[in-house]
Structure formats: C-alpha cells, structure tokens
Amino acid sequence: MDLVQDDADVFAGLCVNSSLPMLNRVDPYRTRILTPTDMPRFVFEVDATRDLVTDQRERDILKKIRELAERCSATAGLELHLQGD
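Quantities reported herein were computed from a predicted structural model and do not represent experimental measurements.

Peer 1: So what about the packing of aromatic side chains? Which residues, and what values?
Peer 2: Under the definition given, this model contains one aromatic pair. With a centroid separation of 6.4 Å and 70° between ring planes, the pair formed by Phe11 and Phe42 is classed as edge-to-face. Here Phe42 lies in helix α3 (residues 39-52) and Phe11 lies in helix α1 (residues 10-16), a separation of 31 residues in the sequence.

Peer 1: Hey, could you go over the nonpolar core for me, with residue numbers and the actual values?
Peer 2: Counting residues in each nonpolar core, the largest one holds 22 residues, and the members touching the most others are Phe11, Leu23, Met39, Phe42, Leu80 and Leu82. Put simply, the parts of the chain that give this core at least two residues each are α1, α2 (21-24), α3, α4 (56-74) and β2 (80-82). Per element, the largest residue contribution to this core is six residues, and it comes from α4. Setting aside chain neighbours within four positions, we find Phe42 in contact with Phe11, Met22, Leu23, Leu34, Ile65, Ala69, Leu80 and Leu82.

Peer 1: If you had to explain the pattern of salt bridges to someone new, which residues and values would you point to?
Peer 2: On inspection of all chains with the given rule, the structure shows six salt bridges. Between Glu45 and Arg41 there is a salt bridge, with its nearest N and O atoms 2.7 Å apart. Taken together, the positions of Glu45 and Arg41, both in helix α3 and four residues apart, correspond to about one turn of that helix. Two residues, Lys63 and Glu67, come together in a salt bridge whose shortest N-O distance is 3.1 Å. Of this pair, Lys63 and Glu67 both sit in helix α4, four residues apart, which is roughly one turn of that helix. You can call Glu67 partly exposed: its relative accessible area is 41%. Connected through shared salt-bridge partners, Asp47, Arg66 and Glu70 make up one network.

Reading guide: rules and limits
Residues numbered from 1 in each chain as written. Predicted model: local features only at pLDDT ≥ 70, side-chain atom pairs only at ≥ 80, totals over all residues. Heavy atoms only, no water. Phe/Tyr/Trp six-rings, centres within 6.5 Å; stacked < 30°, edge-to-face > 60°. Helix = DSSP H or I, 4+ residues; strand = E, 2+ residues; numbered from the N terminus. Core = buried A, V, L, I, M, F, W, Y, C linked by side-chain atoms within 4.5 Å. Buried < 20%, exposed > 50% of the residue type's maximum accessible area, 1.4 Å probe, protein only. Contact = heavy atoms within 4.5 Å. Salt bridge = Lys/Arg side-chain N within 4 Å of Asp/Glu carboxyl O.

Bear in mind that shape data such as this cannot, by itself, settle questions of function.
Next comes the structure, spelled out in structure tokens:
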C-alpha cells in the first residue's frame, strides 16, 4: 500500500476551494474511493489544479497524488482512497 502523507491537509484545502466538479466533491471528513474508471477525470482535475497553484508544497502534493492516480489507472482492481479525518 502506497500513500501520500498530507498532515497539513493541503490537498483537502485545494479540494474545498476547487471549482472543478470531482475535486469539489471530495469531503475532507469522509473517505472517497476512486476506481480506474474515475482516473481520467481525476487526473485531468489534479493537473488543472497543479497548473494554477504556485506554492511548491501544493505542487508537490498534487504531483504525488497524480502518480498514485496514474498507477491506479493503469492497473485493474486498484483503488485510490482519499482518506478524510
């Protein structure tokens, strides 16, 4: 199991403030499970967000999450779990 540690809730903050539909539906207090079929849209929205942010910490978190999403997309049966508090 691989994970992206985000103790400062950087990704949650980006999702709460996002105008993109998939990221905006991420609830920082609940777990959301994404499957390979969700990955094209999720990767698109992560990339679009990464293109807009300038903070290096935000860019690094998004890069790591995208890497996991790419792996999930390429392997049937994998899921990406967005763990809430």
